[in-house]
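Each chain, letter by letter, is given below.
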Amino acid sequence: ALTVYLALDGALLAYVLGPSIVLVITFVFVKKKSWLKIENFNAHFNSFELKKLLGFAVITFTSVTSSAVMMLVVRDYLTESFSIDQAGYWQGVWSLSQVALSLIVMSLSTYMLPTLSNLKDQKLIALELSRGYKIIIPVAIVISLFLYFLREPIILALFTEEFMPMEVLFAWQLFGGVIKAAAW
């Protein structure tokens, strides 16, 4: 609604206010829970555990930074080599692909990583990876096919008629998304 009434300013305001409102609502519901006490957050950290967590922080920081830099480089290349419109089409298709595959990435992060980190035997790790691939790859393919076959109504629902040329990019981007899910 803010975007409709305030255009770009409304969109930016909604972008900032959305998570803030969710934070306030969450706090209202959990403020009386027993686990939400200041004492729980003042505990002394085990330096060994802190070093392990910092290792993950470095990995996350590197991933986020390299992803953002890659986006800038690709967008600049497309703008210089083709046009700003072509870069926008790619950005739109890439964003849709990212949203669609976030389900898979979230599943991998919340199930596969903790499961694999607890396994020590290489045979068990290979078995768990094999089981994961048997689920992850078909799900990624189904999501991609769904997006591909519904690309026209998706473009018209999320963008405008001017973005219809991005329709030709769907197959390549979604194929890359399946490869990305498999490589993750």
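In case you missed it, the structure is sitting above this.
Q: Lay out the nonpolar core with the relevant residues and their values.
A: Ile104, Ala140, Leu147, Met166 and Phe170 are the most contacted members of the largest nonpolar core, which has 22 residues in total. Among the secondary structure elements, those contributing two or more residues to this core are α3 (84-118), α4 (122-149), α5 (151-158) and α6 (170-183). At nine residues, α3 tops the list of elements feeding residues into this core. Filtering out sequence-adjacent residues up to four positions away, Leu147 remains in contact with Leu96, Ala100, Ile154, Phe170 and Leu174. Counting five residues, the second largest nonpolar core, distinct from the first, contains Met71, Leu78, Ala87 and Trp90.

Q: I'd like to hear about α5, residue by residue, with values.
A: Residue pairs three or four apart in sequence face the same way in an α-helix, which turns once every 3.6 residues. Among all positions of α5, only Arg151, Ile154 and Ile155 are buried. Along the axis of α5, the buried positions cluster into a sector of 100°, meaning they face one direction only. As for α5, its buried residues are in contact with α3, α4 and α6.

Q: Requested: an account of unusual backbone geometry, with residues and values cited.
A: Phi angles above zero are rare outside glycine, and Ala7 is one such case at about 60°. Within the element layout of this structure, Ala7 appears in helix α1 (residues 2-30).

Q: How would you sum up the packing of α4 against α6? Please name residues and give values.
A: Where α4 contacts α6, the two axes come as close as 9 Å, and the packing angle between them is 165°. Our classification of the angle between α4 and α6 gives roughly antiparallel. With respect to the hand of their crossing, α4 and α6 are arranged in right-handed fashion. Together, Tyr133, Ile136, Ile137, Ala140, Ile141, Ser144, Leu147 and Tyr148 of α4 and Phe170, Ala171, Leu174, Val178, Ala181 and Ala182 of α6 make up the contact between the two elements. Split into classes, the residues belonging to the contact of α4 with α6 amount to 13 nonpolar, one polar and no charged.

Q: Can you lay out a nonpolar patch on the surface for me, pointing to particular residues and giving the numbers?
A: Among the surface-exposed residues, Leu2, Val4, Tyr5, Leu6, Leu13, Leu17, Ile21, Val24, Ile25, Val28 and Phe29 lie close enough to one another that they form a single nonpolar patch of about 1100 Å² accessible area. Counting through the fold element by element, Val4 comes out in helix α1. With a relative accessible area of 69%, Val4 lands in the exposed category.

Q: Can you lay out the pattern of salt bridges for me, pointing to particular residues and giving the numbers?
A: Within this structure, the stated rule accounts for two salt bridges. Where Glu128 meets Arg131, a salt bridge forms, and the shortest distance between an N and an O atom there is 3.4 Å. With Glu128 and Arg131 both in helix α4, this residue pair falls three residues apart, about one helical turn. For Glu128, a relative accessible area of 9% gives the class buried. The exposure class of Arg131 is partly exposed, given its relative accessible area of 44%. Linking Arg151 and Glu167 is a salt bridge whose minimum nitrogen-to-oxygen distance equals 3.5 Å. Taken as a pair, Arg151 in helix α5 and Glu167 in the loop between α5 and α6 lie far apart in primary sequence, 16 residues in all.

So, how was this worked out
- Residues numbered from 1 in each chain as written.
- Predicted model: local features only at pLDDT ≥ 70, side-chain atom pairs only at ≥ 80, totals over all residues.
- Heavy atoms only, no water.
- Core = buried A, V, L, I, M, F, W, Y, C linked by side-chain atoms within 4.5 Å.
- Buried < 20%, exposed > 50% of the residue type's maximum accessible area, 1.4 Å probe, protein only.
- Helix = DSSP H or I, 4+ residues; strand = E, 2+ residues; numbered from the N terminus.
- Contact = heavy atoms within 4.5 Å.
- Arc of directions from axis to C-beta.
- Axes fitted to C-alpha atoms, helices over the stretch in contact; angles between N-to-C directions.
- Parallel < 35°, antiparallel > 145°, perpendicular 65-115°, else oblique.
- Left-handed = near helix turned anticlockwise from the far one by under 90°.
- Nonpolar A, V, L, I, M, F, W, Y, C, P; charged D, E, K, R; others polar.
- Patch = residues over 30% accessible without salt bridge, like charges linked within 9 Å, V, L, I, M, F, W, Y side chains within 5 Å.
- Areas by Shrake-Rupley, 256 points an atom, 1.4 Å probe, with all protein chains shown as cover.
- Salt bridge = Lys/Arg side-chain N within 4 Å of Asp/Glu carboxyl O.

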